[in-house]
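Secondary and tertiary structure notes
What follows is the residue order along each chain.
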Amino acid sequence: MEIMSALKWYVLLGAFHELSHMAAASWFGLLDFDDYSGTLGLRWLISIIFERRWQMPIDYSKRSATIEWKLGLVRHSGWIFSLIYALLAYMYVFNYNKKRSIASSPLQNAAVWAAAITAVEAMSTDLLGLEMLALPFFPVSKSESATGCIGNANGACVKMDTFFCGNFGIILLNPAYSATESGRRTALDILEKMISVTMVRGAQSGGVVSFISRSSSHPDQIMGMRSRVVNSKRTDLSKGIRSKIESDALRIKIASKFGGPCEPKAGTLVKTYVGHTRFATSSIASFDGTHPHQWSPPRLWRCYDLSGKDEDNVQTGSIPTLVENFITHNGDFDFYDLNGMSYGLDSVQAWLERVTSYEMPSAVDSAAIAGVVDILHTQGSFALSIRYAVCLGLTTSKIGVEVDLPAHMDYVRLAKFFEVALDQQLEGTGNRLDFISAMPEEREFLEDLVVSLLSLELHDEGAMFSFANFITADEEGGASLVQFVRVVIDAFFDNDLLWTVKTFLQHAKGSFGLCVTSAQSAHRQLCVASRGQTNSIAFFPKSGIICYGSEQAAVKAGMCFPTPGGDLNYNGGHFDERPLRLDLDDLNGEICLIDWGGDENGDGMPEVSPPNRHLPTYKLMNGKINLVLIQEGGTSSGRFLHKRMTMLDPVDHEFMKRLPDDYKDPIAQDIRDIPRICRQIQDDWRGFSNNTSLNRITAWNFTKCLQKRMEKLHSQSIERQSGTIDILLTGCEVSLWLAEQFASDLQKAFPRLRITAISSNKLLGLFGQDMDCPAIGFPISQRSNDMKGTIMIIVSHSGGTFAPLACSNLLQSMSDDIFVVTSEWDVQIGKQLRGMHSSEKDHIVDSRIFTTDVGLRPAEPCSISVAATQQLLTNLFSHISIVILSNPHYRNVSGAIITERDLEELERCNQENIGALEKIVGFDSDGNELLDEMRKTEKELRDMGALWAKHVLENAKSYCWCFIYIFVTVTTGWPIARAISNAIGVDNDNWYYLVGFIDAAIFFWMPQMSILIIRMIEKRNLRHRMVGRTVVVGDVPWVSQSAEAFLGKIFACSYSIAGCGVLSGNPTDHLVHRHTHRVVRGSLLLCGRPDGRLSALTSLETSVCLSINQASSIQSIGGTCESVTIGHNPFQLPLSKKAIFLDRARPMYLCERMLGEMDHKSLVDRRRTKTIGVNPAKKKTSAKGKQTIKAEELDDKKQFDSDSRSAAALQGAYHNLSKEANKGQSNRHVSVAVEAREHDPLEVILEEAISERQRATNMRSVFNDMDEDGNGKINADQFIAKYYLVDSTLSKGQVLKIFMEADHDGAGYIDYEKFLRIAEMPAIQMLRALQTINRPRSLLQVEASSELYFGEQLRRDVKGIGLLSIEQSQHFSMELYEGRIASMQRFVAMTVMFHEMGKKVENFFSKYTFGILGYRYDRTHSIMRIATTASPVSGADVRDRSRHLKLSTKIKRSLEVVSFAWLRYRQRQQEEAIRRSGYSKASRSIGHSARQIAPVGSARSTRRVQEASNTSVEIVEHLQ
């Protein structure tokens, strides 16, 4: 069979197939051959021959049930014809070969083969509705391929019934981006980078619209080209959109040679890319729901060019112009208001179908916005302006399916009267359209002309008959003929792009991050708006480009690539070359029109209709760009635009960061950066950085807010209730879990303060809408929590997650003291807080941003962001603690139990934590790889991760083995048992069935056998179940939850045959209850173990070990779960598979030292025992040995390390140690717990009751003895002198510290109540008092402990208190070490292990399928690194509520000011009365007035202000 012959038949039969459709359509009267004239007919002929498809034009407005039935017959006619032809061809060739005795098959005939292929294709497309791939080099125009509808010369809608199934943006002002291939490639590089960054907001689909010229002679006659992609689970959307743009551009370029649209000349059309990535919320991610959206397909309407005259200086008339509008939208569209009525989305969508005569292109709300824009944007077209007037412009207009609307041709017919009148006016006056537009009297003249013409058309056959329902005879009703004509003329001149967006936002309810562009004006402008959704616009003068996007980091893509041909240079001295970004006001709502259509000298004005020409114009980029800004209220956004601009280049702005480089493995890069970032945070916090420390500036502001709060608590000016919150932390997911751990540690340190962490989603549910969403199951509500004046810390690594971002606005009505912990200075929440506290001179001084300086990290599994945030919160914890501890009043009011020594120990652990992290990740803080001998821990973690990857991959490997075995044995016909039997000669009938049975059994059991073989080869447990694996993570809540999220996201895109389920739990709480019933052979359990060598954590580790043992003891067929532990205590549990031990990386605590000394003493005793009975020849050596032992006993600098013990053994050891330490102790507070265990409980209770009564009598006697003056007060000198008579073990300085701690109010004396607090103070509290330092407020820096072991100095300096009490005083320090440091090390270790696990699984598919089945395991299916979707409440509700609360707060503060001024005024009046009268009664009135004007913060003043506010309200209303 000749290939060329087959191709010829293939093309010919394809054309016959399409002609059969045409013949059927002509038979049913559906085909008008007039539509195939000229260039359009040539394109359709090419489509039929080469693309094997035909599009039939049908007037959509005439479609009915009968036509639909006929269209179905036309569709099926094609495949029926092709199938019959294929059968006839086969029969003909078969008979032909049979008669001539030709042995070849009919399918070897070229014609039969081509007919068969054509029949299969026809049945696939016409019968089954499957889509076929279009040839990229013979496309139709955008109006055909992308929308399925074009317009004919008369403006009628022609829809294509095809029998073939086929917010970011850039403005490229620099012609170099379109003049050369390298320039076009760079432009797409920038676009791809923007998409990649925008994808962190969620991206299941995406698209871009760009514009091309329809004619090389008229470059402003342009049309849109939409390139949309629905992302699959494992593909890269940014690359997919770029590929689609390139293929579409290639099709347009080649099609232009066959009568298609022309490629614009270089520089004749500014290239724009308007795009959007969608994270589906209201519907599934589908192609029709993908942005950019367009409701009405492109249609030819007669339009005027309002910009002026043509090349011959003659005013142009109306010409057929292709009209199409595109929008991209983030947010939600809920209602549209019209004439005092609100209409829901469903009503608007149904109404739009009737108004436009087009079916709803998509059910998503954004498509309805495109439909409303189609109605509003009417400038230059009388037909569109008439439609606007009828539908939206008149007082009789309303939205609803019951409205009887005119037909399309009625608009066109009536528009001719307006055109005739306008042409008469143009000819008679010689004025231009822009002059008529700007002059009201010219408009009135046109209005009179039109009214005179239309007044004759009010009869039944007239042009106005269809509009009778909308025009009344009542002049006052606002819908008379005159009013109708006036609205139409105003819409014709005024309804440009800016007016359209402004009007839509005035009437629409919802949240909008909006970009609107139109084919009529895309050659010079587009409009960007923001309300409740963010939008940023960046200007790059050197590159000659503008980038805009919802994700403000995405616009930095303009700095990532060099400018084609070099940077632009301008001679103008006023030109600013720095890249700048404008962030639109999303809270109040703002619209920005970007116009680049000025003249070459930069003196042109923006093309704006008269209603908005009063607005100021801002020129940028050497005057090449004009910006017009509108706030929703209709006012200008500000006098000085440059003060709102943000410099993007780090050279100009030290806190700005560039976009990160692209890495092959972003997760690996994140993990190896952990030590570097943590070191950087510590150095920055301690002032070791060379740059300005933003965190130190923010800490200074935080200190002022904290001191203000503590002063109010000390002065009791705050009416504290049970729900009063002093410090509130909020966030989502991982950020919330870290905040909860931080709040827990801070609450334990200061128990009298109320410190809580609440989910941002719950706060939004309670306060973000008019009808609150109750937090069922949580003790928070609008009434149970008082957050007025609360210090609020928002934890959000991305700084753009919807709920924390909304809270940053919402909470401003409750408090001014709001801070954020985030990844960099330039984030959305940071922008909101800067706007709240910035001053015109320097907003850095008022910084409210704590930053980890990690920057944008695109990997969805969070590792470095978690570790860095935990590190920063640890530094913040120390700072808060030292601020409170520096003031005795703050210590008392907060009930501080933390001491400065605890902070010194925490800081020492914090600093040495960097070394531990380096060994865990295998890279030092400079980013260099460690030596092999220092990577032992990392190697163990990665080996364990590789082993678990083998567990996960065994099913995939077994599948491959089974495939190979079945493929080989079936293909060759020799199953293994049959082949062996044949080889050994056992092939008779007696063995035939037995051999077959064996082969059948092998086939049946092949998966299990292959898995067993794989396990034996890999030396893994053979008794695990052969099912998908489940990983259970156990640790403290924030670690287990964060690790679960990390591993779950790594396996989000893995194939089901190599997937794993991920669960988590707290082993000291609910792990056993929730997950032990799920324990099966082969379950994978990873548990973090606290360091039980610390006495405060011994019981905690015992509980964890018990949970692990309980889970591991559940066995079946001798197998159980595979448990792995990660911790610092070097003891492996008997039932665990592996124990990975982390380095201590800190000094020992006193309890470890004591335990080590006890072990050392036992060793010395054993050595001494061995010296007994030695022969005389060895006595000298023995004596020397004794001297050595004695020297060891006296060496305080030696690191005595304890033996490896289990948690249970450690408990017993510390119990024995406590007994030993308390022998001979007379201190009752120290030994009572031990004595209670050694005596009968009843005797102990009776003894304590008797002692308590005696102690009370003795305490009064001692106090009276100290009170030498008998005034019931003891000063410091009396206390110190008398204390020495009782206990002389403490120094005078230490006794003075105890006195000052009791004298918490600074009175200079202590009364009996304070004395009892000292007398009854436990030894641990006494130690805390001795460790207190009253440092100056300017020295709020924690120095790391320099002790050989923690507690060394206390052990040496403090006398009279037993070692057990000293050791117990360190318990809180140990808890802090576990919560802030050790748990962080375990989390990082888990990320290293899980990263290796995920990487091995991904590499398997990528390697053995040559990349075909490879996937990016750093992303999930949703690709949502930042949850910007409005949840759990509408973005519009949050915005409205925020504005309401802000306004309410301003009013209340204003009333307080007015009330206070009113009270002062009354005071002055009474003082004046005193001076005049001199009566004592007036004097008493002064005292009364003074009480009235007490400080506003006091409770009494608050009541007075509230009483006076009623009067002030009346005053304000009167002034208004």
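The structure under discussion appears in the preceding block.
Bear in mind that the values here come from a model prediction, so they are computed numbers and not experimental data.

What counts and what doesn't
Residues numbered from 1 in each chain as written. Predicted model: local features only at pLDDT ≥ 70, side-chain atom pairs only at ≥ 80, totals over all residues. Heavy atoms only, no water. Helix = DSSP H or I, 4+ residues; strand = E, 2+ residues; numbered from the N terminus. Buried < 20%, exposed > 50% of the residue type's maximum accessible area, 1.4 Å probe, protein only. Areas by Shrake-Rupley, 256 points an atom, 1.4 Å probe, with all protein chains shown as cover. Pairing = 2+ DSSP bridges. Axes fitted to C-alpha atoms, helices over the stretch in contact; angles between N-to-C directions. Polar contact = N/O pair within 3.5 Å; in protein donor to acceptor, adjacent residues only side chain to side chain. Phe/Tyr/Trp six-rings, centres within 6.5 Å; stacked < 30°, edge-to-face > 60°. Lys NZ or Arg CZ within 6 Å of the ring centre and 35° of its normal. Contact = heavy atoms within 4.5 Å. Patch = residues over 30% accessible without salt bridge, like charges linked within 9 Å, V, L, I, M, F, W, Y side chains within 5 Å. Salt bridge = Lys/Arg side-chain N within 4 Å of Asp/Glu carboxyl O. Core = buried A, V, L, I, M, F, W, Y, C linked by side-chain atoms within 4.5 Å. Expected span 1.5 Å × (residues − 1). Parallel < 35°, antiparallel > 145°, perpendicular 65-115°, else oblique. Left-handed = near helix turned anticlockwise from the far one by under 90°. Nonpolar A, V, L, I, M, F, W, Y, C, P; charged D, E, K, R; others polar.

For the rest of this paragraph, the subject is the overall build of the protein chain. The number of helices and strands found in the protein chain is 47 helices and 32 strands. Looking at the protein chain as a whole, 54% of its 1520 residues are labelled buried. Of the roughly 66,500 Å² of accessible surface on the protein chain, 55% is carried by carbon and sulfur atoms.

Another point: the sheet that holds strand S29 (residues 1122-1127). Sheet strands line up and pair through hydrogen bonds in the backbone, either parallel or antiparallel. Read across the sheet, 5 strands follow the order S27-S26-S28-S29-S30 without closing on themselves; strand pairing throughout is parallel. Either end of the sheet is taken by a strand with one partner, and the two such strands are strand S27 (1060-1065) and strand S30 (1138-1141). Recorded for the sheet is a direction-independent mean angle of 15° between the axes of neighbouring strands.

Turning to the environment of Arg 901, a few remarks are in order. Residue placement: Arg 901 occurs in helix H26 (residues 900-921). We classify Arg 901 as buried; its relative accessible area is 15%. Taking the C-alpha atoms as reference points, Arg 901 and Glu 1343, 442 residues apart in sequence, are found 9.5 Å from one another. Among the polar contacts made by the side chain of Arg 901, one reaches the side chain of Gln 1353 at a distance of 3.4 Å.

Overall, the coordinates contain 30 aromatic pairs when judged by the stated rule. Relative to Phe 819, the ring of Phe 702 has its centre 5.0 Å away and its plane inclined at 65°; by these criteria the two rings are edge-to-face. Of the two residues, Phe 702 sits in helix H19 (residues 694-715) while Phe 819 sits in strand S24 (residues 818-822), which places them 117 residues apart along the sequence. The burial state of Phe 702 is the same as that of Phe 819; both residues are buried. Taken together, the ring pairs connect Tyr 304, Phe 382, Phe 418, Phe 492 and Phe 493 into an aromatic cluster. Sitting over the face of the ring of Trp 825, Arg 834 holds its NZ or CZ atom 3.8 Å from the ring centroid.

Another point: the side chain of His 1128. On the secondary structure map, His 1128 appears in the loop between S29 and S30. Among the polar contacts listed, one links the side chain of His 1128 to the side chain of Gln 1385, at a separation of 2.6 Å. Residue contacts for His 1128: discarding those within four places in its chain leaves Arg 1089, Asp 1091, Arg 1093, Leu 1142, Asp 1143, Arg 1144, Tyr 1377, Ala 1382 and Gln 1385.

Here we come to a nonpolar patch on the surface. Taken together, the side chains of Ile 80, Ile 84, Leu 88, Tyr 90, Met 91 and Phe 94 present a nonpolar region at the surface, about 560 Å² in accessible area. Along the chain, Ile 80 turns up in helix H3 (residues 65-99). Its relative accessible area of 37% is what places Ile 80 among the partly exposed residues.

By the definition in use, this model includes 62 salt bridges. We note a salt bridge from Arg 942 to Glu 1396, for which the minimum N-O separation is 2.9 Å. In this pair, Arg 942 is assigned in helix H27 (residues 936-972) and Glu 1396 in helix H44 (residues 1371-1408), connecting sequence segments 454 residues apart. Residue classification places Arg 942 among the buried residues on the basis of a relative accessible area of 17%. Connected through shared salt-bridge partners, Glu 929, Arg 935, Glu 938, Arg 942, Glu 1396, Lys 1399 and Lys 1400 make up one network.

We now examine the sheet that holds strand S16 (residues 580-583). The sheet built from 8 strands is open, its strands ordered S6-S5-S7-S4-S15-S14-S16-S20 with antiparallel pairing. Looking at the sheet topology across the chains shown, the edges are occupied by strand S6 (222-230) and strand S20 (646-647). Here 5 bridges tie strand S14 (residues 536-540) to strand S15 (residues 545-549), and the two strands are oriented antiparallel to one another. Along S15, the bridge assignment pairs Ala 538 with Cys 547. Where helix H7 (residues 181-198) meets the sheet, its contacts fall on strand S4 (168-172), strand S5 (205-213), strand S7 (271-278) and S15, and the angle it forms with S4 comes to roughly 160°.

Bringing the environment of Arg 302 into the picture now. On the secondary structure map, Arg 302 appears in strand S8 (residues 299-303). The class for Arg 302 is partly exposed, based on a relative accessible area of 40%. Here the alpha-carbon distance between Arg 302 and Val 323, two residues 21 residues apart in the chain, equals 9.3 Å. Leave out the neighbours within four places in its chain, and Arg 302 touches Ser 318, Ile 319, Pro 320, Gly 380, Ser 381 and Glu 419. Within the local environment of Arg 302, its side chain forms a polar contact with the backbone oxygen of Ser 318, the two atoms lying 2.8 Å apart.

The next point concerns unusual backbone geometry. Backbone torsion omega between His 291 and Pro 292 reads -5°, so that peptide bond is classified as cis. Relative to the helices and strands, Pro 292 is located in the loop between S7 and S8. For Glu 733, which is not glycine, the phi torsion reads 50° and is therefore positive. Considering the arrangement of structural elements, one finds Glu 733 in helix H20 (residues 733-749).

The next thing to look at is the nonpolar core. Grouped together as the largest cluster of nonpolar side chains are 128 residues, with contacts concentrated most on Trp 948, Phe 1394 and Met 1397. Examining the composition of this core, we find that 18 residues originate from one element, H44, more than from any other. Those residues within four positions of Phe 1394 in sequence are excluded, and the remaining contacts are Trp 948, Val 1031, Val 1033, Ala 1043, Phe 1046, Leu 1047, Ile 1050 and Leu 1086. Core analysis: the next-biggest nonpolar cluster, separate from the first, contains 86 residues, Trp 295, Ile 386, Leu 446 and Ala 463 among them.

On to the environment of Ala 24. Relative to the helices and strands, Ala 24 resides in helix H1 (residues 3-27). Ala 24 gets classed as buried once you look at its relative accessible area, which sits at 12%. Once the C-alpha coordinates of Ala 24 and Arg 75 are considered, the two residues, 51 residues apart in sequence, prove to be 8.7 Å apart. Apart from the residues within four sequence positions on either side, Ala 24 is in contact with Val 74 and Ser 77.

Turning our attention to helix H15 (residues 481-494). A rise of 1.5 Å per residue sets the reference length of H15, with its 14 residues, at 20 Å; its end C-alpha atoms lie 20 Å apart and thus fit the reference within 8%. Counting buried residues in H15 gives 10 out of 14 residues, a clear majority hidden from the surface. Among the residues making up H15, those that are buried are Leu 481, Phe 484, Val 485, Val 487, Val 488, Ile 489, Ala 491, Phe 492, Phe 493 and Asp 494. Residues of H15 that are buried make contact with helix H11 (382-393), helix H12 (408-429), helix H13 (433-438), helix H14 (440-454) and helix H16 (497-507).

Now for the packing of H20 against helix H24 (residues 864-885). Viewed as axis vectors pointing N to C, H20 and H24 meet at an angle of 25°, and their least axial separation amounts to 10 Å. If you check the angle between H20 and H24, you find them roughly parallel. Here the hand of the crossing between H20 and H24 comes out right-handed. Across the interface between the two elements, Val 734, Leu 738, Phe 742, Asp 745, Leu 746 and Ala 749 from H20 touch Val 866, Thr 869, Gln 870, Leu 873, Leu 876, Phe 877 and Ile 880 from H24. Looking at the contact of H20 with H24 residue by residue, the class counts come to 10 nonpolar, 2 polar and 1 charged.

Glancing now at helix H18 (residues 674-686). The end-to-end C-alpha distance of H18, which contains 13 residues, comes to 18 Å, matching closely the 18 Å that a straight helix rising 1.5 Å per residue would cover. Structurally, H18 contributes buried residues whose contacts are with helix H17 (666-672), H19, strand S25 (849-851), H24, H26 and H44. Phi turns positive one or two residues past the end of H18, at Gly 687, with a value near 85°.

Here the focus is the pairing of S29. In terms of residue burial, S29 counts as a mostly covered element, since 6 of its 6 residues are buried. Bridge analysis of strand S28 (residues 1084-1089) against S29 gives 6 bridges, and the strand direction is parallel. Across the sheet, the residue bridging to Arg 1089 is Gly 1127, located in S29.

What follows is about the packing of helix H28 (residues 976-983) against helix H29 (residues 989-1018). At their nearest, the axes of H28 and H29 sit 7 Å apart, and the two run at 145° to each other. Counting all contacts with H28, which are made through Ile 976, Ala 977, Arg 978 and Ser 981, the residues of H29 involved are Tyr 992, Val 995, Gly 996, Ile 998, Asp 999 and Ile 1002.

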